[in-house]
Amino acid sequence: MKLVDTDEEGPSTRVEPPVRPTPPRPEKRQVMVSLLLTVTVLVGTVVAVFTIFPERHNEIITSTVAAHRAVKRWDLERPDDAKLRMWAQAVLGEAPPMPAPATDLIVIGGRSVTILARRAALVRYRIGDSEVSYLVQRAREIQRRRVRMLDHDDAIEAWRRGPWTCVVVGPAATADRWRPLLGVP
């Protein structure tokens, strides 16, 4: 029976390497570097998101007002009610809600516009001596919103009718006259 392994060196012959002193890093510096890196990445991400993807809360309304005030070029000029409804169905893929024909409601023209990568039908009506724009587009948002606002001399109405968003822009002075003719709730 062997109690001691003779191949091992004894405690007196073992040489330990010398200890190399290194100065410790201050704890505050470690924390500050980590905090600075985290804040830089967070701020950079937030700034990038808000510059690349701007808010578009009222993009349909803003685009309708711009189209109402823009130079008038029409895809369809002075159509009767049947042609207007067929054109709107061709533009949007299915029959959208359109104002009911009336003697005071004269169609000036219609054109197709694209808002937020979706097609919309913009129709200009003459009601008395006022020109009113009616836009209809497949709804983007889930919630139903009702908007009534003034922009300089124009009154703006926006509402949902089933799966459709409808926007009307016209003179504020004659708004009480054109609202019922265009089906504004």
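In case you missed it, the structure is sitting above this.
Parameters and conventions
- Residues numbered from 1 in each chain as written.
- Predicted model: local features only at pLDDT ≥ 70, side-chain atom pairs only at ≥ 80, totals over all residues.
- Heavy atoms only, no water.
- Salt bridge = Lys/Arg side-chain N within 4 Å of Asp/Glu carboxyl O.
- Helix = DSSP H or I, 4+ residues; strand = E, 2+ residues; numbered from the N terminus.
- Pairing = 2+ DSSP bridges.
- Contact = heavy atoms within 4.5 Å.
- Axes fitted to C-alpha atoms, helices over the stretch in contact; angles between N-to-C directions.
- Phe/Tyr/Trp six-rings, centres within 6.5 Å; stacked < 30°, edge-to-face > 60°.
- Lys NZ or Arg CZ within 6 Å of the ring centre and 35° of its normal.
- Buried < 20%, exposed > 50% of the residue type's maximum accessible area, 1.4 Å probe, protein only.
- Polar contact = N/O pair within 3.5 Å; in protein donor to acceptor, adjacent residues only side chain to side chain.

J.: Go over the pattern of salt bridges with me, naming the residues and quoting the values.
T.: A side chain of one charge can pair with a side chain of the opposite charge when the charged atoms of the two come close. Counting across every chain of the model gives 10 salt bridges. A salt bridge links aspartate 81 to arginine 85; the shortest N-O distance between them is 3.0 Å. Pair noted here: aspartate 81 and arginine 85 are both in helix α3 (residues 81-92), with a separation of 4 residues, about one helical turn. Glutamate 157 is paired through a salt bridge with arginine 179; the nearest N and O atoms lie 2.7 Å apart.

J.: Tell me about the sheet that holds strand β7 (residues 164-171), and please be specific about residues and values.
T.: Sheet architecture is open: 7 strands sit in the order β1-β2-β3-β4-β7-β6-β5, paired in antiparallel fashion. A strand with exactly one partner marks an edge of an open sheet, and here the two such strands are β1 (76-77) and β5 (147-151). Relative to strand β4 (residues 130-138), strand β3 (residues 118-127) is paired through 8 bridges, and the arrangement is antiparallel. By the bridge assignment for β4, arginine 126 is matched with glutamate 131. In this fold helix α2 (residues 59-69) packs onto β2 (105-115), β3, β4, β5, β6 (154-161) and β7, with an angle of close to 145° to the strand it touches most, β4. With respect to the sheet, α3 is in contact with β1, β2, β3, β4 and β7, its orientation differing from that of β3 by roughly 160°.

J.: Go over the packing of aromatic side chains with me, naming the residues and quoting the values.
T.: The description of an aromatic ring pair rests on the distance of the ring centres and on the angle between the ring planes. This model, assessed by the stated rule, comprises 0 aromatic pairs. Lying over the aromatic face of tryptophan 164, arginine 138 brings its terminal NZ or CZ to 5.0 Å of the ring centre. The ring centre of tryptophan 178 lies 5.8 Å from the NZ or CZ of arginine 179, which sits over that ring.

J.: Kindly report on the side chain of serine 130, identifying the contributing residues and their values.
T.: Relative to the elements of secondary structure, serine 130 occurs in strand β4. Exposure remark for serine 130: the relative accessible area of 6% places this residue in the buried category. Of the polar contacts made by the side chain of serine 130, one reaches the side chain of threonine 174; its length is 2.9 Å.

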